[in-house]
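# Summary of structural features
Here is what each chain is made of, one letter per residue.
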Amino acid sequence: MRRKFLLYIALVFVLSLFAGCTKPQQSIPGTDGTQHTEQSDALSDIQLSDCKLPSQKDFLLLLCENCDIVRCNAYSSANFQQFQLISSKPLAKEEMRVTLENIQCDFSLTEVPMEFPYYVFQAYQGQSWGELYQLSLSQDTAEGEKKFLHEREKFENVFQQIAETNIPKLYTYDFIISLSNRQVNAPAKFHTLTLTAGGQTQTYEIGNFQIVEDFSLPEDDGNLLCQTLASIDMPIAPSPNGEISICELQFDVQEDLEIVDVAFLGEGAPTIKELTLSSAETGVDAKWDAREPFAASKGDTITLRGSACAPMLAGQTSGSLRRYLKVEYVCGGKTACTVIELGYRMRLNSYEAYASMVDGVDMQSYYTDYYFKTLAG
């Protein structure tokens, strides 16, 4: 029996309040724009008048590229999709219009704060990210650490002198589009999104956005109840292989059963990289590769967590993903499964987008020559 009702549904809406402060780069030491105690006197030689700052040009960008969005009517808990919209001018909803192919969509618009970060300022000054990374490898000595700090913080003092008038005001919005089942019949695929805003009309390539009616799966008999059947719009960081985290999912076991498979559904879906299953009853907490079934007893609570790789997001700095994770099990000799809807979205700092797309600043080398290598350790 298909569980169309969601007993334990918990939609995870990550408030866009965090959009301006959760950019993963800012958590790396030396890219957050904060003051540091050990600085060379030579840093004061750099003057603000010598530094390159963002231009003051018109700008409108909807971050909707690199989508891998699949909405299944049989399992979906939400008919909306969230994107990031950036403009050099304030936008009014009544003057805007959005369509997927030729279908007009409802939408909502919420402004969120966004600050000009230090790593973007470094990029404007031509920071050599490869050199900075090489210096970071020599911090095991006092001299090596000193050289690294000097290179990392050489623009710090002048960065603190920047006034708001030196930086263009960018308006950043959480932009949520809605598409109901009455507007479109499954199956359907969309490849472009057209936005009219601020007196401009732009059409964007969005990648893979499709609506399907159902998956060919064994019926869910209700013996493995997931406490969270949908987690939508979870933040993810850029990575070379498009890694995503499978957040902790807890299942209430109604009858003795064995978990036999965990996988994302659909063509081109993320591939599981690592899974851990734990039992509240037995205390078992171990990595699981599906070679042997994972036994669970009636009344137990099973926790699943892990990671996967999404090809569409590999090496990208913005993108969205919505897919369905199936947990297949055998109970009383019958195969069944439960399905969880998972959604992810990268948050790109608005000034990074502006630097790259308007001023031609090389932001990609920040990732390839420094950030990704720092992640890899």
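A brief look at the structure comes next. (Residues numbered from 1 in each chain as written. Predicted model: local features only at pLDDT ≥ 70, side-chain atom pairs only at ≥ 80, totals over all residues. Heavy atoms only, no water.)

## Some remarks on the packing of helix H2 (residues 129-136) against helix H3 (residues 142-153)
Using the following cut-off: Every axis in this analysis is a line fitted to C-alpha atoms, fitted for helices over the stretch in contact. Angles between the N-to-C directions lie between 0 and 180 degrees. Here a strand is any run of E in DSSP of at least two residues, a helix any run of H or I of at least four, and the numbering for each starts at the N terminus. Angles below 35 degrees are treated as roughly parallel, those above 145 as roughly antiparallel, those between 65 and 115 as roughly perpendicular, and all remaining angles as oblique. Left-handed describes a crossing in which the near helix is turned anticlockwise from the far one by less than a right angle; the clockwise case is right-handed. Contacts: residue pairs with any heavy atoms within 4.5 Å of one another. Residues are sorted three ways: Asp, Glu, Lys and Arg are charged, Ala, Val, Leu, Ile, Met, Phe, Trp, Tyr, Cys and Pro are nonpolar, and all the rest, Gly among them, are polar.
Orientation of H2 relative to H3, taken along the N-to-C sense of each, is 155 degrees, at an axis distance of 8 Å. Relative to H3, H2 is oriented roughly antiparallel. Here the hand of the crossing between H2 and H3 comes out left-handed. Packed against H2, whose contacting residues are Glu131, Leu132, Leu135 and Ser136, the element H3 presents Gly144, Lys147, Phe148, Glu151 and Arg152 at the interface. Split into classes, the residues belonging to the contact of H2 with H3 amount to three nonpolar, two polar and four charged.

## Examining the pattern of salt bridges
Using the following cut-off: Within this document, salt bridges are pairs made up of a side-chain nitrogen of Lys or Arg and a carboxyl oxygen of Asp or Glu, the two lying within 4 Å of each other. Relative accessibility thresholds used throughout: buried, under 20% of the residue-type maximum; exposed, over 50%; partly exposed, between the two (1.4 Å probe, protein chains only).
The final tally for this structure, using the stated rule, is 14 salt bridges. The residue glutamate 151 makes a salt bridge to lysine 154 at a minimum N-O spacing of 2.9 Å. For glutamate 151, a relative accessible area of 8% translates into the label buried. Between aspartate 233 and arginine 347 there is a salt bridge, and its shortest N-O distance comes to 3.0 Å. Pair noted here: aspartate 233 is in strand E11 (residues 230-236) and arginine 347 is in the loop between strand E19 (334-346) and helix H5 (350-357), with a separation of 114 residues, a long-range link. Residues participating in the shared-partner salt-bridge network are Asp174, Asp233, Arg345 and Arg347.

## Points about the environment of threonine 271
On the secondary structure map, threonine 271 appears in strand E14 (residues 271-279). When the C-alpha atoms of threonine 271 and isoleucine 244 are compared, they prove to be 10.0 Å apart, with 27 residues separating the residues in sequence. Excluding residues that lie within four positions of it along the chain, threonine 271 makes contacts with Ala308 and Cys309.

## Notes on the pairing of strand E9 (residues 200-212)
Rule in force here: When DSSP locates at least two bridges between a pair of strands, those strands are taken to pair.
The pairing of strand E2 (residues 67-72) with E9 spans six bridges and is classified as parallel. Among the inter-strand pairings, aspartate 68 is bridged to a residue of E9, identified as asparagine 208. For strand E8 (residues 188-197) and E9, the ladder comprises nine bridges, and the chain directions are antiparallel. Across the sheet, the residue bridging to leucine 195 is glutamine 202, located in E9.

## Some words on the sheet that holds E14
Within the open sheet, the five strands sit side by side as E10-E12-E17-E14-E15. Their pairing is antiparallel. Edge positions in the open sheet fall to strand E10 (224-226) and strand E15 (285-287), since each of these has one partner strand only. Strand-to-strand twist in this sheet, taken as the mean axis angle between neighbours without regard to direction, amounts to 25 degrees. Both E14 and strand E17 (residues 301-309) contribute to a ladder of eight bridges, which runs antiparallel. Paired with serine 279 across the strands is isoleucine 302, a residue of E17.

## As for the pairing of E19
Where burial is concerned, most of E19 is hidden: 11 out of the 13 residues are buried. Sheet topology note: the E11/E19 ladder contains five bridges and is parallel. Bridge assignment links proline 235 to a residue of E19, and that residue is arginine 345. Pairing of strand E18 (residues 320-331) with E19, which is carried by 12 bridges, proceeds in the antiparallel orientation.

## A closer look at the sheet that holds strand E7 (residues 171-178)
Ordered by their spatial adjacency, four strands build an open sheet running E1-E3-E7-E6, and the pairing between neighbours is antiparallel. Strands with a single pairing partner mark the edges of an open sheet, and in this sheet they are strand E1 (60-63) and strand E6 (106-112). On average, each strand axis in the sheet is tilted by 25 degrees relative to the strand beside it, whichever way the strands run.

## Topic: helix H6 (residues 364-376)
Applicable threshold: Here the expected span of a helix is defined as 1.5 Å times the quantity of residues minus one. Here the bend at each residue means the angle between axes fitted to two seven-residue stretches, the one ending at that residue and the one beginning there.
The end-to-end C-alpha distance of H6, which contains 13 residues, comes to 17 Å, matching closely the 18 Å that a straight helix rising 1.5 Å per residue would cover. Remark: the principal bend of H6, roughly 30 degrees, maps to tyrosine 370. Listing the buried residues of H6 in full gives Ser365, Tyr366, Tyr367, Tyr370, Tyr371 and Phe372. On its buried face, H6 is in contact with helix H1 (118-124), H2, H3 and H5.

Interpretation in functional terms is not warranted from these geometric data alone.
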